[in-house]
Amino acid sequence: MWLNISTAPFLLTGFPGLEAAHHWISIPFFAVYISVLLGNGTLLYLIKDDHSLHEPMYYFLAMLAGTDLMVTLTTMPTVMGVLWMNHREMSHGACFLQAYFIHSLSIVESGVLLAMAYDRFIAIRTPLRYNSILTNSRVMKVGLGVLLRGFLSLVPPIVPLYWFPYCRSHVLSHAFCLHQDVMKLACADITFNRVYPVILVALTFFLDALIILFSYILILKTVMGIASREERAKALNTCVSHISSVLVFYITVIGLTFIHRFGKHAPHVVHITMSYVYFLFPPFMNPVIYSIKTKQIQRSIIYLLSVHRRP
């Protein structure tokens, strides 16, 4: 039994009260993880291999798939370790690093969705200037900006975790490390760590969502001005996949926020389940959405399968 001192490792938690069923619970988790890896890995391969997909829209989709893959690879080892082998101990350094990547990648994903909204805005508002505005170099700059915003903005709240003393319980409430989970265990003044994330969420998730909403209002205004019904439907159809991904991402964000803020009397297993939904549902759904709704992706998948079937 570890003593209640700062050097003791953190203890991850699976599903409290359901430890005996962890092996059974691991089956759907493993299936979802494999589906996420295969789905997003396939998207990345198709975009790299198919020259018809070498366009800004698909470069941003590749960024989204890459972010989803990284989120999955960040949480998968500890989640499956807890469910399969009841491996709960995690060193401070590894825990803080995992929390850093989990939260950074969430902001990166929000930024990628914003960049994809900008792409659709340019494609529909100024289609003749689309290729001249969204050049490869500009797409790379936007992607780099999204990455820097995500990874630099999480440095201020994560760094203090390394020097906080931890003299309370070392038991975390999930099978992975989250900043808000760890900071509550610190025996120090955590005012900055409480305030900064609220401001960060307002300036990233909330602001991104507002800009995306505003961009689609302008897109809708442009589309309604198109005389041909077929052309209107065609223009809107190019946005369906992105709108679906935005809804999947932000609905899970809102659901998780409401559970944490207003579901204090809800069973703990509900909080845990919502956290897993937040981290697994968007990466699982995005490849499905783009495979179903995007004809170019469908054609690439059919071509890939037909090539592999040839003797």
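Because the structure is predicted, anything quoted here is derived from the model rather than measured.

Caption draft 1: Geometry of the overall build of the chain. Scanning the chain for helices and strands turns up eleven helices and two strands. Seen in sequence order, the chain has helices and strands lined up from the N terminus as β-α-α-β-α-α-α-α-α-α-α-α-α. A compact globule built from 311 residues would reach a C-alpha radius of gyration of about 19 Å, and the chain, at 21 Å, matches this within 12%. Taken over 311 residues, the chain has a buried fraction of 47%. Residue pairs at least 24 apart in sequence account for 78% of intrachain contacts in the chain once pairs closer than 6 positions are excluded. Looking at the chain as shown, the accessible area adds up to about 16400 Å², and 71% of this sits on carbon and sulfur atoms. Across the chain, the mean location of the 22 positive side-chain charges is 7 Å away from that of the 13 negative side-chain charges.

Caption draft 2: Molecular detail of the pattern of salt bridges. For the structure on display, the rule yields two salt bridges. In this structure, Arg120 engages Asp119 in a salt bridge whose closest nitrogen and oxygen atoms are separated by 2.8 Å. Its relative accessible area of 8% is what places Arg120 among the buried residues.

Caption draft 3: Highlighting the packing of aromatic side chains. Taken as a whole, this structure holds 18 aromatic pairs when the rule is applied. Judged by centre distance (5.1 Å) and plane angle (80 degrees), the ring pair of Phe176 and Phe279 falls under edge-to-face. Taken together, the positions of Phe176 in the loop between helix H6 (155-158) and helix H7 (179-183) and Phe279 in helix H10 (residues 268-293) put the pair 103 residues apart, joining distant regions of the chain. Of the two residues, Phe176 and Phe279, neither departs from the other in class, the shared state being buried. Aromatic ring contacts, followed pair by pair, group Phe15, Phe29, Phe176, Phe205, Phe249, Tyr250, Tyr276, Tyr278 and Phe279 into a single cluster.

Caption draft 4: Here's a closer look at the side chain of Thr67. Mapped onto the secondary structure, Thr67 falls in helix H2 (residues 56-85). On the basis of relative accessible area, Thr67 is assigned to the buried category, the value being 5%. Those residues in contact with Thr67 that lie beyond four places of it in its chain are Leu105, Val108, Glu109 and Val112.

Caption draft 5: Seen up close, the state of the cysteines. Summed over the entire model, instances satisfying the criterion amount to two disulfides. Between the sulfur of Cys95 and that of Cys177 lies a disulfide, 2.0 Å long from S to S. Since a negative S-S torsion denotes a left-handed disulfide, the Cys95-Cys177 link at about -120 degrees is left-handed. Within this pair, whereas Cys95 is found in helix H3 (residues 92-125), its partner Cys177 is found in the loop between H6 and H7, the two being separated by 82 residues in sequence. The class for Cys95 is buried, based on a relative accessible area of 0%. For Cys167, the disulfide goes to Cys187, at an S-S distance of 1.9 Å. Taking the sign of the torsion about the S-S bond as the criterion, the disulfide between Cys167 and Cys187, at about -125 degrees, is left-handed. Of this pair, Cys167 sits in the loop between H6 and H7 while Cys187 sits in the loop between H7 and helix H8 (191-224), and the two are 20 residues apart along the sequence. We classify Cys187 as partly exposed; its relative accessible area is 23%. For the chain, the disulfide bridges join cysteines in the arrangement 1-3, 2-4, where the cysteines are counted in sequence order.

Caption draft 6: Just the environment of Phe60, in detail. Within the fold, Phe60 resides in helix H2. On a C-alpha basis, the gap between Phe60 and Val142 in space is 9.4 Å, while along the polypeptide they are 82 residues apart. Ignoring anything within four residues of it in the chain, the contact list for Phe60 reads Val112, Ala115, Met116, Asp119, Val139 and Val142.

Caption draft 7: Examining a positive patch on the surface more closely. Together, Lys184, Arg194, Arg261 and Lys264 make up a positively charged patch on the protein surface. Within the secondary structure, Arg194 is located in helix H8.

Caption draft 8: Region of interest: H10. The end-to-end C-alpha distance of H10, which contains 26 residues, comes to 36 Å, matching closely the 38 Å that a straight helix rising 1.5 Å per residue would cover. The largest bend in H10 is about 35 degrees, located at Leu280, with the proline Pro282 one to four residues further on.

Caption draft 9: Quick peek at the side chain of Thr74. Inspection of the secondary structure assignment puts Thr74 in helix H2. With a relative accessible area of 18%, Thr74 lands in the buried category. A polar side-chain atom of Thr74 sits 2.6 Å from the main-chain carbonyl oxygen of Met70. Sequence-distant contacts of Thr74, that is, excluding residues within four places in its chain, are made with Gln98, Phe101, Ile102 and Leu105.

Caption draft 10: Seen up close, the packing of H2 against H10. Two elements in contact, H2 and H10, have axes whose closest approach is 10 Å; the angle formed by their N-to-C orientations is 140 degrees. When the interaxial angle is binned, H2 and H10 end up oblique. Along this stretch, H2 crosses H10, giving a crossing that reads as left-handed. Counted together, Leu61, Leu64, Asp68, Val71, Thr72 and Val79 of H2 and Tyr276, Phe279, Pro282, Pro283, Asn286 and Tyr290 of H10 form the full contact between these two elements. A per-class count over the contact of H2 with H10 returns nine nonpolar, two polar and one charged.

What counts, and where the lines are drawn
- Residues numbered from 1 in each chain as written.
- Predicted model: local features only at pLDDT ≥ 70, side-chain atom pairs only at ≥ 80, totals over all residues.
- Heavy atoms only, no water.
- Helix = DSSP H or I, 4+ residues; strand = E, 2+ residues; numbered from the N terminus.
- Rg over C-alpha atoms; globule rule 2.2 N^0.38 Å.
- Buried < 20%, exposed > 50% of the residue type's maximum accessible area, 1.4 Å probe, protein only.
- Contact = heavy atoms within 4.5 Å.
- Areas by Shrake-Rupley, 256 points an atom, 1.4 Å probe, with all protein chains shown as cover.
- Lys, Arg positive; Asp, Glu negative; His and termini not counted.
- Charge placed at Lys NZ, Arg CZ, Asp CG, Glu CD.
- Salt bridge = Lys/Arg side-chain N within 4 Å of Asp/Glu carboxyl O.
- Phe/Tyr/Trp six-rings, centres within 6.5 Å; stacked < 30°, edge-to-face > 60°.
- Disulfide = S-S within 2.5 Å.
- Patch = residues over 30% accessible without salt bridge, like charges linked within 9 Å, V, L, I, M, F, W, Y side chains within 5 Å.
- Expected span 1.5 Å × (residues − 1).
- Bend = angle between axes of the 7 residues up to and from the residue.
- Polar contact = N/O pair within 3.5 Å; in protein donor to acceptor, adjacent residues only side chain to side chain.
- Axes fitted to C-alpha atoms, helices over the stretch in contact; angles between N-to-C directions.
- Parallel < 35°, antiparallel > 145°, perpendicular 65-115°, else oblique.
- Left-handed = near helix turned anticlockwise from the far one by under 90°.
- Nonpolar A, V, L, I, M, F, W, Y, C, P; charged D, E, K, R; others polar.

In short, the description is geometric, and any link to function would need to be established separately.
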